[in-house]
Amino acid sequence: MVRRNNRNAVTYKLNSNISSWDQIDNLLENINTRFARADKRTLAKQGIELTDERLKMENYWIESTKKVINMNIEDTTGNAEKTIIAKSVVSHIERNHQNVWNSSKTNLKSHEDIVYHEKVDVIFYKIDLHFYVIFVTSDPVLIDHLKELIGTENIVSINIENSLFSWIYWKYRENDKNIDDQYRVPFITAFTGILEGEAEDDTLLNGKSADVSNLGAVDFHIAVGERLQSVGIQLEKLNSETDSTMSQLFFKFDNLQSLAIDFKQSIMTDIKYTVSDSQGQSEEETDRIRYFSLLIYLNAYIIPKLRNLYAIDEQNFNNELYGFRVRLANKILDDLIKHGVGIENFDALQKQPNI
């Protein structure tokens with residue numbers, strides 16, 4: 001079952017050497033074997049090998065869980081724009097409890113008492129000539145295991161330009177919440193930023209609100225020239241002919257393309273998709289598959305779309321950014337004055353020759 005807002009996901013690009021679905025299928029045959037750590041001296045004393053079966057852990061892919069998702073996305077006029085093929089599969093990840101010994105430390109516990117397992121959904125998809133993988137977890141230990149199962153040499157981190165998030169906020173504040181005539185952001189509900197300090201003194205800022213523009217922290221952050229690291233937004237894709245909403249998405253994403261989706265509220269009417277098992281037999285839509293379709297839609301279509309729109313508008317944004325920062329700074333000063341901090345108390349202003 002998919003519960004609202006309780007599942008995060010992170011996306012990685014695969015090495016360009018991986019260029020076919022056959023190679024992906026070969027990766028899904030990988031098995032990683034390792035052994036839980038135990039004190040070597042105690043093992044030797046009890047005559048137990050480091051590779052004792054009770055310490056053995058295996059990570060692998062569950063063949064029977066493979067699904068193929070074929071997705072067709074309409075553009076803002078209702079015509080076919082993009083086709084995306086994705087494959088989902090469940091990984092079996094084994095981990096160990098810290099204490100592997102019985103109470104007297106004369107023998108190992110049973111394998112069942114040492115090792116436990118977790119199931120993690122993984123989605124592979126292809127856009128243009130490149131393959132990507134989505135890990136449906138935010139647990140860094142599980143993510144490391146999944147990277148090793150695929151092959152760390154095959155994993156490439158995605159780095160989204162931080163200016164993208166400040167650009168979205170600028171559009172929200174200065175362009176009547178319109179990204180362009182086809183995409184609109186009715187609300188920005190969360191943000192993360194970093195105020196850079198000396199050495200390890202960077203300050204992490206997090207904010208949540210029905211409308212973050214009511215939070216002075218985000219205005220201050222941009223006014224002093226810092227970049228946002230993430231935003232939580234409601235995004236609407238509009239039909240350019242009827243001005244009706246084709247999709248309404250509630251999600252948060254960051255500069256590493258980690259993603260959290262409000263599954264309950266998000267709506268997509270501009271996609272059609274089919275699901276089949278590994279034998280090609282059609283399957284019915286479930287909440288789990290719908291959640292996968294949202295992940296694919298956002299990662300393979302919406303976020304690249306936002307990045308492309310930003311790239312087109314980047315020079316204009318850079319030209320306007322200083323003026324935007326000044327307006328935000330003035331708003332912060334006005335708010336301070338309204339709340340009883342007199343202008344005579346601003347030391348920096350008193351040092352100016354015209355003050």
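Computed from a predicted model, the values in this text were never measured in an experiment.

Conventions we followed
- Residues numbered from 1 in each chain as written.
- Predicted model: local features only at pLDDT ≥ 70, side-chain atom pairs only at ≥ 80, totals over all residues.
- Heavy atoms only, no water.
- Helix = DSSP H or I, 4+ residues; strand = E, 2+ residues; numbered from the N terminus.
- Polar contact = N/O pair within 3.5 Å; in protein donor to acceptor, adjacent residues only side chain to side chain.
- Contact = heavy atoms within 4.5 Å.
- Phe/Tyr/Trp six-rings, centres within 6.5 Å; stacked < 30°, edge-to-face > 60°.
- Lys NZ or Arg CZ within 6 Å of the ring centre and 35° of its normal.
- Axes fitted to C-alpha atoms, helices over the stretch in contact; angles between N-to-C directions.
- Parallel < 35°, antiparallel > 145°, perpendicular 65-115°, else oblique.
- Left-handed = near helix turned anticlockwise from the far one by under 90°.
- Nonpolar A, V, L, I, M, F, W, Y, C, P; charged D, E, K, R; others polar.
- Expected span 1.5 Å × (residues − 1).
- Buried < 20%, exposed > 50% of the residue type's maximum accessible area, 1.4 Å probe, protein only.
- Pairing = 2+ DSSP bridges.

**Student:** When you look at the side chain of Asn 59 in this model, what are you seeing that I'm missing?
**Tutor:** With respect to the helices, strands and loops of the structure, Asn 59 is situated in strand S3 (residues 56-74). Within the structure, Asn 59 has its side chain in polar contact with the backbone nitrogen of Glu 94 (distance 2.9 Å). Each residue touching Asn 59, except ones within four places of it in the same chain, is listed here: Asn 30, Ile 31, Asn 32, Arg 34, His 92, Ile 93, Glu 94, His 145 and Leu 149.

**Student:** I tried to follow the packing of aromatic side chains on my own but got confused; where do I start?
**Tutor:** Geometrically, a pair of aromatic rings is defined through the distance of the ring centres and the angle of the planes. By the definition in use, this model includes 13 aromatic pairs. Members of the aromatic cluster, joined through ring pairs, are Trp 167, Trp 170, Tyr 310 and Phe 317. Taking the ring centre of Phe 187 as reference, the NZ or CZ of Lys 177 above it sits at 5.1 Å. Over the face of the ring belonging to Phe 263 we find Arg 290, whose NZ or CZ atom lies 4.8 Å from the ring centre.

**Student:** Would you take a moment to explain the packing of helix H6 (residues 216-223) against helix H7 (residues 287-338) for this structure?
**Tutor:** How two helices sit against one another is set out by the angle between their axes and by the gap between those axes. Between H6 and H7, the least distance of the axes is 8 Å, while the angle of their chain directions is 135°. In terms of orientation, H6 lies oblique with respect to H7. Both H6 and H7 take part in a crossing whose hand is left-handed. Of H7, the residues touching H6 (which contributes Asp 219, Phe 220, Ile 222 and Ala 223) are Phe 324, Arg 325, Leu 328, Ala 329, Lys 331 and Ile 332. Classifying every residue of the contact of H6 with H7 by side-chain character gives seven nonpolar, no polar and three charged.

**Student:** I tried to follow the environment of Phe 187 on my own but got confused; where do I start?
**Tutor:** Position of Phe 187 among the secondary structure elements: in strand S8 (residues 183-195). C-alpha of Phe 187 to C-alpha of Asn 319: the two residues are 132 residues apart in sequence and 25 Å apart in space. Beyond its immediate stretch of four places on either side in the chain, Phe 187 contacts Tyr 172, Ala 210, Gly 232, Ile 233 and Gln 234.

**Student:** What exactly am I supposed to notice about helix H5 (residues 163-174) here?
**Tutor:** Each turn of an α-helix holds 3.6 residues, which means side chains three or four residues apart point in the same direction. Between the first and last C-alpha of H5 there are 16 Å, a value that for 12 residues agrees with the 16 Å anticipated at 1.5 Å per step. With 10 of 12 residues buried, H5 lies mostly within the body of the structure. Along H5, the residues classified as buried are Ser 163, Leu 164, Phe 165, Ser 166, Trp 167, Ile 168, Tyr 169, Trp 170, Lys 171 and Tyr 172. Of the surrounding elements, those touching the buried residues of H5 are S8, H6, strand S10 (228-238), strand S11 (245-254) and H7. Within two residues after H5, Asp 176 carries a phi angle of roughly 55°, on the positive side.

**Student:** What am I meant to see in the packing of H5 against H6 here?
**Tutor:** Close contact between H5 and H6 brings their axes to 12 Å; oriented N to C, the two are set at 115°. Viewed along their axes, H5 and H6 form a crossing whose handedness is left-handed. Contact residues: Ser 166, Tyr 169 and Arg 173 in H5; Val 218, Asp 219 and Ile 222 in H6. Across the contact of H5 with H6, the residue classes break down as three nonpolar, one polar and two charged.

**Student:** I'm lost on the pairing of S11 in this one. Help?
**Tutor:** One face of the sheet, then the other: side chains in a regular strand alternate in exactly this way. Across the 10 residues that make up S11, a large majority, seven, are buried. Pairing between S10 and S11: nine bridges, direction antiparallel. If you follow Ser 230 over to S11, its bridge partner there is Asp 254. Between S10 and S11, which pair antiparallel in sequence order, lie six residues; one of them, Asp 243, sits at a positive phi of approximately 65°. The pairing of S11 with strand S13 (residues 267-268) spans two bridges and is classified as antiparallel. In the strand pairing of S13, Ser 247 is matched with Met 268.

**Student:** What is the right way to read the side chain of Thr 137 from this model?
**Tutor:** Examined against the element boundaries, Thr 137 turns out to sit in the loop between strand S6 (130-135) and helix H4 (140-150). The residues contacting Thr 137, other than those within four sequence positions of it, are Asn 8, Ala 9, Val 10, Val 120, Leu 142, Ile 143 and Leu 146.

It is worth stressing that arrangement in space is one thing and function is another; only the former is reported here.
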